[in-house]
Amino acid sequence: MFPSQFDYHRPSSVAEAIQFLQNDPDAKILAGGHSLIPAMKLRLAVPSALVDLSQVDGLRGIAVNGDIRIGAMTTYAQLRDSDALKAAMPLLSEVANNVGDPQVQSRGTLGGSLAHADPAADFTAVVLALGGSVKAVGTGGEREISADDLFVDLFTTSLNPDEVITEVTIPNPAARTGMAYQKRGHPASGYAVVGVAVSVTVGDDGNVSDARIAVTGCTPKATRATAAEQALVGKPLNEASIDAAAKAAPEGLDINGDHYASAEYRAHLVEVDTRRALEAAAKAL
Amino acid sequence: MAEAVATRIPVKMTVNGTEYAAEVEPRLLLVHFLRDNLGLTGTHIGCDTSQCGACVVYLNGESIKSCTVLAVQADGGEVMTIEGLAKDGEYDPVQQGFWEMHGLQCGYCTPGMIMSTHSLLKRNPNPSETEIRHALEGNLCRCTGYQNIVKAVQYAAEQMSGGSAPTS
Ligand SMILES: Cc1cc2nc3c(=O)[nH]c(=O)nc-3n(C[C@H](O)[C@H](O)[C@H](O)COP(=O)(O)OP(=O)(O)OC[C@H]3O[C@@H](n4cnc5c(N)ncnc54)[C@H](O)[C@@H]3O)c2cc1C
Ligand code: FES
Ligand code: FES
């Protein structure tokens, strides 16, 4: 299978990349290509040109002083293998190690995953639960978009067509924060049938002061499970509160079904995986 | 809509130690460049949809699915295919492992399996069975049931660490 014809640009700076995007509204950014190239082979995407970010300086790398800052073109393999990241926030390396397979990890990028907003992606939910944000640079200048505002709908973000994600920030977690991700991967592709990411902070009084829970794989976009969050805040993090949160997790979510997994089954998985993720987060406190 | 024109783009890459230069359409996939332009047909095409791993090669030291990478993305890079593994007519330990442990039947998946295994053992010279199976998740085999593939990987790991090969 061949994609249809397109022009190919390989800019060396973000400014030059934005210029190409501005000049041609049907051009698309090429990062790892592991969502875009398959879509182009199936002619689901027919861009007139690709703007390959691989040679743009400064888009790769991981900085772990306080907040964690990750260049948009950093690959899953780099997240998986980074000793600094494994020490600072091992969850991110673990999640990267379970995206697709090692070959997908060699090519796929964190920025590409967030920009693509696949409803079954992993890092969308993880970055949302961790309260992360992206730096977007476009003709209008630079802005920071929180994950809460980034994901709009199925494969749709609040990025403008001429905006490039350059960096992803995961804020330094508060003291006594536990985080975890539970995923049920599709047996063929590894994409999440359901994934639940949680980040729970316990305050000085021993009660949960902050809880962020995000689901993927079952909703049109990575979505906060607010009913589950509310079931935890103000309570001690124990079996009873975790059970209540797990049972509440599917409430209010627009859960979809397909030939592989019905909506009912996915709702059940949301409950089970929320429970397991919270148990893992409680252990990691 | 801006009309795309089929401008050919010059690319240069080292494949199995030999430098090649060519002019290619941007939409040419790396797997087709290797097979059709260079005649290196050891790299297979199975699914053509990024799932099966028959097309796995090294690009700049990392294993990748060459059906999901454009030839222009490999410009300036170093590629190694299954044809590049044997040295002076001697099989690489991973190739030996698949031979010794009967890690193949029809052989269609084998070049990709071997390249993925090679890259696993570079990162993790002594993998557990779970780690082997996890690392080969992107490689599908319709014949073997994977048992002998796991044994082949274990054999190669032993050989490469200088230990004696397990007999079984
Ligand atoms: C076999 C297979 C299995 C997979 N399994 C999983 C899985 O289990 N979990 C999972 O989460 N994903 C999975 N993926 C998807 C993979 O993670 C993709 O790599 C990822 O979704 C997109 O990242 P990319 O760098 O490849 O982006 P590309 O494919 O290059 O781009 C995707 C989209 O984002 C845009 N874009 C890319 N980078 C930027 C940027 N910096 N700024 C603005 N826009 C940008 C592009 O224009 C394009 O529209 C799988 C893919 C394959 C082929
Ligand atoms: S042919 Fe490339 S993954 Fe199947
Ligand atoms: S040996 Fe036939 S597909 Fe693996």
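Residues numbered from 1 in each chain as written. Chains lettered and ligands numbered in written order. Predicted model: local features only at pLDDT ≥ 70, side-chain atom pairs only at ≥ 80, totals over all residues. Heavy atoms only, no water.

Moving on, we get to the domain arrangement of chain A. All names here are of chain A. Along its sequence, chain A is organised into domain 1 (7-51), domain 2 (62-170) and domain 3 (177-284). Each of domain 2 and domain 3 has a C-alpha centre, and these two points are 20 Å apart. Contacts between the two partners involve 23 residues from domain 2, matched on the other side by 22 residues from domain 3. For the pair domain 2 and domain 3, the number of links is three salt bridges. Among the salt bridges present, the one from R224 reaches D148, with a minimum N-O distance of 3.1 Å. At the boundary of domain 2 and domain 3, one finds 12 residue pairs in polar contact (both at pLDDT 80 or more). Where the side of domain 2 that touches domain 3 is concerned, the elements lending two or more residues are helix 5 (90-97), helix 8 (123-129) and strand 8 (151-153). Examining the composition of the side of domain 2 that touches domain 3, we find that five residues originate from one element, helix 8, more than from any other. (Domains from an automatic or database assignment. Contact = heavy atoms within 4.5 Å. Salt bridge = Lys/Arg side-chain N within 4 Å of Asp/Glu carboxyl O. Polar contact = N/O pair within 3.5 Å; in protein donor to acceptor, adjacent residues only side chain to side chain. Helix = DSSP H or I, 4+ residues; strand = E, 2+ residues; numbered from the N terminus.)

Right, let's talk about the confidence of the model for chain B for a bit. Of the residues in chain B, 93% reach a pLDDT of 70 or more, and the chain-wide mean stands at 94. Model confidence for the complex is summarised by a pTM of 0.96, with the ipTM given as 0.94. (pLDDT = per-residue confidence, 0-100.)

What follows covers the nonpolar core. Nonpolar side chains tend toward joint burial in soluble globular proteins. In terms of nonpolar packing, the biggest core is built from 39 residues, with A:L92, A:L114, A:F123, A:V126 and A:I170 touching the most fellow members. A total of six residues in this core trace back to one element, the largest contributor, which is helix 8 of chain A. Residue assignment places this core across two domains, with domain 2 (62-170) and domain 3 (177-284) of chain A each supplying three or more. Each residue touching A:V126, except ones within four places of it in the same chain, is listed here: A:L92, A:V95, A:Y181 and A:A197. The next biggest cluster of nonpolar side chains, apart from the first, holds 33 residues, and it includes A:L50, B:L30, B:F33 and B:L38. (Core = buried A, V, L, I, M, F, W, Y, C linked by side-chain atoms within 4.5 Å. Buried < 20%, exposed > 50% of the residue type's maximum accessible area, 1.4 Å probe, protein only.)

A separate point is the site of ligand 1. Residues in contact with ligand 1 amount to 31 residues; listed here are only the nearest, A:I29, A:G33, A:L36, A:Y76 and A:T109. Those chains with residues close to ligand 1 are chains A and B. Note that an oxygen atom of ligand 1 is positioned 2.7 Å from one of the backbone N or O atoms of A:G33. At 3.0 Å from an oxygen atom of ligand 1 is found a main-chain nitrogen or oxygen belonging to A:G100. (Near = heavy atom within 4 Å.)

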